[in-house]
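Understanding the architecture of this molecule
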Amino acid sequence: MDRPKPFNISQELVRVAYQQVKANKGGAGVDRESLSEFENKRDKNLYKIWNRLSSGSYFPPAVRGVEIPKKQGGTRMLGVPTVSDRIAQMTIKLMFEPLVEPHFLNDSYGYRPNKSALDAISVTRKRCWNYDWLIEFDIRGLFDNIDHELLMRAVRRHTNDKCILLYIERWIKAPLELADGTLKERTAGTPQGGVISPILSNLFLHYVFDYWMMKNNPEAPWCRYADDGICHCETQEQAEALLLKLKQRFSECKLEIHPDKTKIVYCEDANRKDKYQGNTSFVFLGYEFRARGAENKRTQEVFTSFLPAISPKAEKSMLDKIRTLRIKSRSDLTLQEIAKWLNPMIQGWINYYGRYTKSAMNKVLRRINSILVAWSRRKYLKLKNRKVHAIKCMEQYASKHTNLFAHWRIGVINVFI
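Overview of the structure. This structure is a prediction, so every number in the text was calculated from the model and none was measured.

What counts and what doesn't
Residues numbered from 1 in each chain as written. Predicted model: local features only at pLDDT ≥ 70, side-chain atom pairs only at ≥ 80, totals over all residues. Heavy atoms only, no water. Helix = DSSP H or I, 4+ residues; strand = E, 2+ residues; numbered from the N terminus. Expected span 1.5 Å × (residues − 1). Bend = angle between axes of the 7 residues up to and from the residue. Buried < 20%, exposed > 50% of the residue type's maximum accessible area, 1.4 Å probe, protein only. Pairing = 2+ DSSP bridges. Axes fitted to C-alpha atoms, helices over the stretch in contact; angles between N-to-C directions. Contact = heavy atoms within 4.5 Å. Salt bridge = Lys/Arg side-chain N within 4 Å of Asp/Glu carboxyl O.

Another aspect to go through is helix α9 (residues 197–216). Taking 1.5 Å of rise per residue, 20 residues should cover 28 Å, and α9 covers 27 Å from first to last C-alpha, within 8% of that figure. H206 marks where α9 bends most, by close to 55 degrees. The element α9 is extensively covered by neighbouring structure, given that 16 of its 20 residues are classed as buried.

The next subject is the sheet that holds strand β3 (residues 133–138). Read across the open sheet, the four strands follow the order β6-β7-β3-β8; overall the sheet is antiparallel. Whereas interior strands pair on both sides, the edge strands pair on one side only; in this sheet they are β6 (222–225) and β8 (263–266). Pairwise comparison of adjacent strand axes, ignoring direction, gives a mean angle of 20 degrees for this sheet. Sheet strands in contact with helix α5 (residues 117–130) are β3, β6 and β7 (228–233), and its direction is about 160 degrees off that of β6. Of the strands in this sheet, β3, β6 and β7 are in contact with α9, which crosses β6 at around 175 degrees.

Counted by the stated rule, this structure contains 16 salt bridges. The closest approach of N and O atoms between R292 and E288, which form a salt bridge, is 3.6 Å. The pair formed by R292 and E288 is uniform in burial state, with each residue classed as buried. Here K363 ties to E315 by a salt bridge, and the two come within 3.9 Å at their closest N and O atoms. Here K363 is found in helix α13 (residues 362–379), whereas its partner E315 is found in helix α11 (residues 312–325), with 48 residues between them in sequence. K363 gets classed as exposed once you look at its relative accessible area, which sits at 52%. Residues joined in a network through salt bridges with shared partners are R15, R42 and D43.

This is the structure in structure tokens:
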């Protein structure tokens, strides 16, 4: 019979944590143990995690550092915990999240239950119609620079549970193992890639920015998704003054607003007559907001509005992805097999970037069509040297089988090369 444990953690909670980690998938940590290898001795492994967590003897291993490319160039260091450590982190997260989530404000959208990036896009879109000016800001190296003392002070405001406090402090101090095997001690930050890290960063920014804005700048609506944020202002002078206050506030909390990714923007449209020599567009969560043509659905009148649509960088990333798949060379597959292969990707793009100004996606979707024509010319000898005929054949097929590809279902069936 097991002795009473100092910390009251149920074995069932550890199993729930395991199921969530399994659903999220992910790679191996410093022990190189994969999820499938962990599952070979699942019950024994879960018991070991529970036993150590509940006895206070769980010490997290180092986090494996993996460099991943940034969309804007360069790399960022992603921390990959072991499978066991992800389950342990998820267990404590399930205990801690209900204590802090009710205190978070409505306009914080990142890493939160029942909130999404599209929700943040939606509220920003509406506010851009009501406020002429905004500040777009980005926090430089958030996950690497969170001050441990300030973070733990925030954690203690929401719990005195010694179990939660003990393990959060151990996780934020766990070293990073670099590619050459050396260990880098962590004196600030929380690993980007850790299960517990998103809720800790949200808690930190709740006090650094969200709550501070509500108390000190109630006239300026804001929206934040992780380390990206928007503050709306009525005048240019208000925006300039607020930006100075934001820089000071973040500096006081040992963070820095990224100078190259932070700017004041004028939301120019047909009703705004001021001529501004600065920024009149911005990119937020993969959407570019700028002046665009729109149609009044009631009167069919065309006018200029300030609207979001897929950003040029997001579009380029999708086109690069299509190219790397080398679809036209897969003559071993049928068209139905290609559709099954590509549809999850295409549907995901449509679901996200097609929510607003769907027509802006046409370049990407038509590029898929043109590649399907190129595929057919490799697949079928009779089409090899008959480009125009291949296009007509694919258009006819698409019009009869509109449900085959996700983008055909929404009417993008014209093929261009």
